[in-house]
Each structure stands twice: as C-alpha cells, then as structure tokens.
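Given next are the chains, with one letter for each unit.
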Amino acid sequence: MDEDLLLPSAFVEQTNKLLGDVEYALLEKALNENSPVSVRVNRKMPSQLFSCQHLDAVPWCADGYYLNERLTFTFDPLFHAGCYYVQEASSMFVEQALKQYICKPSVMLDLCAAPGGKSTHVRSMLPEGSLLVANEVIRNRSQVLSENIIKWGHPDVVVTNNDPSDFSRLTNFFDVILTDVPCSGEGMFRKDPASIEEWNVDNVNICYQRQRRIVADVWNSLKPGGILIYSTCTYNTKEDEENVRWISEELGAEVLPVATSAEWNIVGNLLGEDFHVAHFLPHRTRGEGFFLAVLRKIDGVSENFRKASSKKNNSPAIVPKQAKEWLLHPQDYLLEVKGNNVVAFAKVHQEEYELLKDNLRIVYAGVVVGEIKGKDLLPHQSLAMSSELNLSAFPSVELTYLQSIAYLRKEAITLDVDIPRGFVLLLYKGVALGFVKNIGNRANNLYPNEWRIRSGYLPEKILIFTDNSL
C-alpha cells in the first residue's frame, strides 16, 4: 500500500484490548500490506483447463488458489464462462464445515448470498442430490446473484429475493442454513478501505442486534438436528462470540467443533470460553478477517414441512419438443413454460420447489432451457452455462481470444461459410460461452445484454488465469 490506513481510534482501542499489544501491532502491520488475491476453480470444467501447480493452494479449500498478482478478470473469457470465481481465501473455510457435518443429500439455504461466492462454493461441496436455495434481500443484488449462479452451471439451485422473516413460513424445511450476516466489516478494512469510514461503535451495536434478528427469523425453518453455519467478516466479539453464545442459549443449539490444522494458524475463542469458533486474522492467515461457527439445532418435535398448494394451471402451455433434446438428462427434469421461458427443474426436488414457489419470490430456478419467441424456441444463456447442456444438440465453433471478447461485448460475429444455419454454440478453449443464431451473412449475438463487457478497449497488459506466467 502507498500509505498506511487511518484506522478509527475506537477500533484501535477495542481491538488492542481484545488481542493484546503484541498481537494487535502485528494485525495493524498486516492491514497495511497488500491484500492477497485468490480464486476458486469450478469443478464442472475440464481438469486440464488450468495449470495450478505453480500456484499456492488455499489450505482449507480443495479448489482454492492464491494468485501471484491481480489479473484482468474482465478480459478473461473463462471468468465470464464461470470456470472460476474470484473469492477471498478466508471465506473459503465454509468448505470445512460442510465436509465435516454434511454427508448426505440436503436442502440448504444460503440466506445472505449475493454476490454468490459462498453459494457457488457450497453448491460445489454439497452431496449429490442436494438442493440449494440462495437468497438475497436486495433486489438488484439478487440479479447479480442469479448471474453468478447461472455461470456456475449447477442446475439444482433456486435463487430467491426475500426478507429473512419470510422463511419462517417454511417450518423444518432446511437441513443446513448458512447465515453470512451483514456486519461492521472490520475484516474488510485492507481490501476495502472505504469500509473504514463507515465503521463506528454505534454501527457495531446495530449490527449485532440485526444479526440476532436475522438468525431468529430463519430459525423456525431449520430442522431439529439441522446445521446453522454463522459467519461474519469482522473481529469484535459482540458480532461473533457473543452472538454465537446467544444463539446457543436463547434459540437452543449446540456449538460444534470444526477440525483445523495447526498450520492454518486459525485463532479460537477470543473470550476464552469453551465453545468452538474460528477467527481468521490477517497477520496469522493469508486472507482477510473472517469468523465462523457451526451450531446444531437441538432436537425437538420434527414435523414435516407442509405440502405445497394443489392448485394447478388448468391449461398449461405446451413445451416445445426440442427443449428436451437440448438437455443431457431430460428424463430427470420436469419442464414447464413460465412466461416466455421454458424452465427445467429436477423431478427429485419438485415437492420442495412447489413449496418455495408458494411462499417466496423466485428470481431464478433450475435451468432456463429457452425463450419462446413466436413459433421459435431460442436457447437461453442459462442452458449454455449449465452442466445439463447437451453439446451434441448444437453445432459448435471454437473462437479465438479476440473473437471471444467481441462476443462477450455483444458485438456482431462472423462465422465461416460452412457453419450450418440456425443456433450455434460458441466455445473458447472448449468451454461454452453462449449462442448465436447464424443466418448466413451474419450471426445474431444472443449473449445477454446486461452481462456484456462494457469496456470498449483492451488494456495494454492482459493477464488471464491460464497464462503460464502467473
């Protein structure tokens, strides 16, 4: 960093008291160093796509890597294709909680999910046959969340836009809930210096009370014996240990240990109490400030969640026959027309899906296979990104780097004369970017307008994840 961060005096005082003079001095020194850059690779991608042997692995995340420098992510087609996600390393520790406690198909809620780092991560970690509900209360942020979920490509996800209190209607619905609650952001001071100006003691007090309300609002929807993962990106014990204690005592939960390696330098309970928590401190671990605790809801009366309403559309729209042909495993999905879109959702989760539709505002779910326009069905970007895309259903064309950037800018694409007319799937390094409609003299670009690269220039120096120089 060019100059030292000017930290609030009240933060300095309370954190010095919490950590002690020596530890606080090391923390402050670390906060004035450069923030590490890390990514998490998408398991749906070909294993040979990235060469990561030369990169340091994030110790607590099987697919996480530290980069030697920040890349020009905006100009990396594989970033837009969902091949990897740029995620802060400490927050990848959520993986350990899932590995240790979730070993069978589960229904999980990520309550405060935007922009989607933890949602895409947990979706990769959940056992086969699981369903993830990713929620964001702020509407425009829920659109960003949907985009990142779509790019990650897993079909068994529902994105919702609801207040935490709305989930109280779903009694005993979820096996797992992740509450990465809004916090005072002390752990982001180095990465986002603007957060320093927003910090004050009053805000800490507002945050810890809001966090309790959020957890209390969703507690009814967690099954007895279910797992709550509570996390923040802050250091103070009001938002961390004291809230975990409150959840345990007031709501009825057992705080569970999460096994760690001594080499990870994770710090335990800063209050010296006997329940297990994990603190990531930047002077000890290679990442930003992060806190996590795992709690199990104490067993009680477990009633099955109520059935969804039986109301049905008396005259459902006919699904175009080619929609099934575009899916890899059409027999596993129920297809329906919603508005102008054909949506495929896994049959195994239909009961949960119907109940979610009855009680929540759904922004996105399953796979949007195509959009109906007149008599035509246009393949949707969601299909291009999905692991359920049937590659043999479309002719495909491999693009160069510059062609890929032009396509991602939603510019016109010219294809060779021997390419068949109709819908064509465009690839970069063998990975799907999206569709065009080839009409002979030109190809209509079907990339979503709201996703396009808005920059009209290329930087002089472009570094992308597949560069051998990284």
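Everything discussed here concerns the structure shown above.
Quick notes on the rules
- Residues numbered from 1 in each chain as written.
- Predicted model: local features only at pLDDT ≥ 70, side-chain atom pairs only at ≥ 80, totals over all residues.
- Heavy atoms only, no water.
- Pairing = 2+ DSSP bridges.
- Helix = DSSP H or I, 4+ residues; strand = E, 2+ residues; numbered from the N terminus.
- 1 Å grid on protein atoms, 1.4 Å probe; cavity = no way out; pocket = protein on both sides within 12 Å on 5 of 7 lines; lining within 4 Å.
- Points joined across faces, edges and corners; volume = space filled by probe spheres on them.
- Salt bridge = Lys/Arg side-chain N within 4 Å of Asp/Glu carboxyl O.
- Buried < 20%, exposed > 50% of the residue type's maximum accessible area, 1.4 Å probe, protein only.
- Polar contact = N/O pair within 3.5 Å; in protein donor to acceptor, adjacent residues only side chain to side chain.
- Axes fitted to C-alpha atoms, helices over the stretch in contact; angles between N-to-C directions.
- Parallel < 35°, antiparallel > 145°, perpendicular 65-115°, else oblique.
- Left-handed = near helix turned anticlockwise from the far one by under 90°.
- Contact = heavy atoms within 4.5 Å.
- Nonpolar A, V, L, I, M, F, W, Y, C, P; charged D, E, K, R; others polar.
- Core = buried A, V, L, I, M, F, W, Y, C linked by side-chain atoms within 4.5 Å.
- Phe/Tyr/Trp six-rings, centres within 6.5 Å; stacked < 30°, edge-to-face > 60°.
- Disulfide = S-S within 2.5 Å.

Here we come to the pairing of strand β13 (residues 333–338). Summarising the sheet, β13 and strand β14 (residues 341–346) pair through six bridges and their orientation is antiparallel. Bridge pairing in β14 links Lys338 to Asn341. Linking β13 back to β14 in an antiparallel pair, the connection comprises two residues, with Gly339 at a positive phi of about 65 degrees.

The gaps of empty space that remain are located by a probe, the size of a water molecule, rolled over the atoms. There is about 1300 Å³ of room inside the largest pocket. Taken together, 49 residues line the largest pocket, and the ones lying closest to its centre are Ala114, Pro115, Arg141, Asp180 and Cys233. Mapped by element, the contributors of at least two residues to the lining of the largest pocket are β1 (37–41), β4 (84–86), α5 (117–125), α7 (194–198) and α8 (201–219). Among the elements that line the lining of the largest pocket, the one with the most residues is α8, at five residues.

For the structure shown, the criterion picks out 17 salt bridges. Here Arg286 and Asp56 are joined by a salt bridge, their closest N and O atoms 2.9 Å apart. Separated by 230 residues along the polypeptide, Arg286 in the loop between β11 (278–280) and β12 (290–297) and Asp56 in strand β2 (residues 56–57) bring together distant segments of the chain. For Asp56, a relative accessible area of 42% corresponds to the partly exposed category. Residue Glu69 is joined to Lys461 by a salt bridge in which the shortest nitrogen-to-oxygen separation is 4.0 Å. Taken together, the residues Glu69 in the loop between β3 (64–67) and α3 (77–80) and Lys461 in the segment after β21 (443–445) connect sequence positions 392 residues apart. For Lys461, a relative accessible area of 55% translates into the label exposed. A network of salt bridges, in which partner residues are shared, links Glu336, Glu354 and Lys357.

Next up on the list: the side chain of Arg123. Within the secondary structure, Arg123 sits in helix α5. Within polar-contact distance, the side chain of Arg123 engages the backbone oxygen of Asp156 at 3.0 Å.

Attention now goes to the packing of helix α4 (residues 94–101) against α5. Closest axis-to-axis distance for the α4/α5 pair is 10 Å, and the angle between their directions is 25 degrees. Classified by the interaxial angle, the pair formed by α4 and α5 is roughly parallel. Crossing of α4 against α5: the hand is right-handed. The segment α4 lies against α5, with Val94, Glu95, Leu98 and Lys99 engaging Lys118, His121, Val122 and Met125. Residues that form the contact of α4 with α5 fall into these classes: four nonpolar, one polar and three charged.

Quick look at empty space enclosed by the protein now. This structure, assessed with the given rule, holds one cavity of 30 Å³ or more. Here the largest cavity defines a volume of roughly 40 Å³. In terms of lining residues, the largest cavity is bounded by Ile149, Ile150, Gly153, His154, Pro155, Tyr364, Gly366, Val367, Ser382 and Ser386. Here the residues of the lining of the largest cavity sort into five nonpolar, five polar and no charged.

The subject of this paragraph is the nonpolar core. Phe93 and Phe465 are the most contacted members of the largest nonpolar core, which totals 136 residues. Among the nonpolar cores identified, the runner-up in size contains 15 residues, and Phe11, Leu19, Leu27 and Val204 belong to it.

Sheets are built from strands that pair by backbone hydrogen bonding, the pairs being arranged parallel or antiparallel. Across the sheet, four strands lie side by side as β13-β14-β16-β17; this open sheet has antiparallel pairing. Where the open sheet ends on each side, the last strands, each with one partner, are β13 and β17 (376–379). Ignoring strand direction, the axes of neighbouring strands in this sheet form an average angle of 30 degrees. In this fold helix α11 (residues 350–359) packs onto β13 and β14, with an angle of close to 25 degrees to the strand it touches most, β13.

On to the sheet that holds β2, then. As summarised here, the arrangement of the four strands in space is β2-β3-β1-β4, forming an open sheet in which the pairing is antiparallel. The open sheet has two edge strands, β2 and β4, and neither has a second partner.

As a further point, take the environment of Gly64. Secondary-structure assignment places Gly64 in strand β3. Spatially, the C-alpha atoms of Gly64 and Leu295 are 25 Å apart, while their sequence positions differ by 231 residues. Those residues within four positions of Gly64 in sequence are excluded, and the remaining contacts are Val39, Arg40, Asp56, Ala57, Val58 and Met92.

Turning our attention to unusual backbone geometry. Cis peptide bonds are those with omega within 30 degrees of zero, and the linkage from Ala114 to Pro115 qualifies with 5 degrees. Its place among the elements puts Pro115 in the loop between β5 (107–110) and α5. The backbone phi angle of Asn265 is positive, close to 60 degrees, even though this residue is not glycine. Among the secondary structure elements, Asn265 is positioned in the loop between β10 (253–256) and β11. The exposure class of Asn265 is partly exposed, given its relative accessible area of 35%.

The subject of this paragraph is the packing of aromatic side chains. Tallied over the entire structure, the rule returns 23 aromatic pairs. Look at Phe75 and Tyr457: their rings are 6.3 Å apart centre to centre, the planes differ by 55 degrees, and that puts the pair in the tilted class. One end of the pair, Phe75, is in the loop between β3 and α3; the other, Tyr457, is in the segment after β21, and 382 residues separate them in sequence. Among the residues examined, Phe75 registers a relative accessible area of 6% and is labelled buried.

What follows concerns the state of the cysteines. This structure, assessed with the given rule, holds zero disulfides. Not engaged in a disulfide, the cysteine Cys112 finds its nearest cysteine sulfur in Cys183; these two sulfurs lie 10 Å apart. On the basis of relative accessibility, which here comes to 18%, the residue Cys112 falls in the buried class.

This brings us to the pairing of strand β8 (residues 174–180). Counting buried positions over the seven residues of β8 gives seven, a clear majority of the element. Across three bridges, the pairing between β5 and β8 is parallel. Looking at β8, one finds that Asp110 is bridged to Leu178. For β8 and strand β9 (residues 222–232), the ladder comprises six bridges, and the chain directions are parallel. From the neighbouring strand, Asp180 faces β9, where its bridge partner is Ser231.

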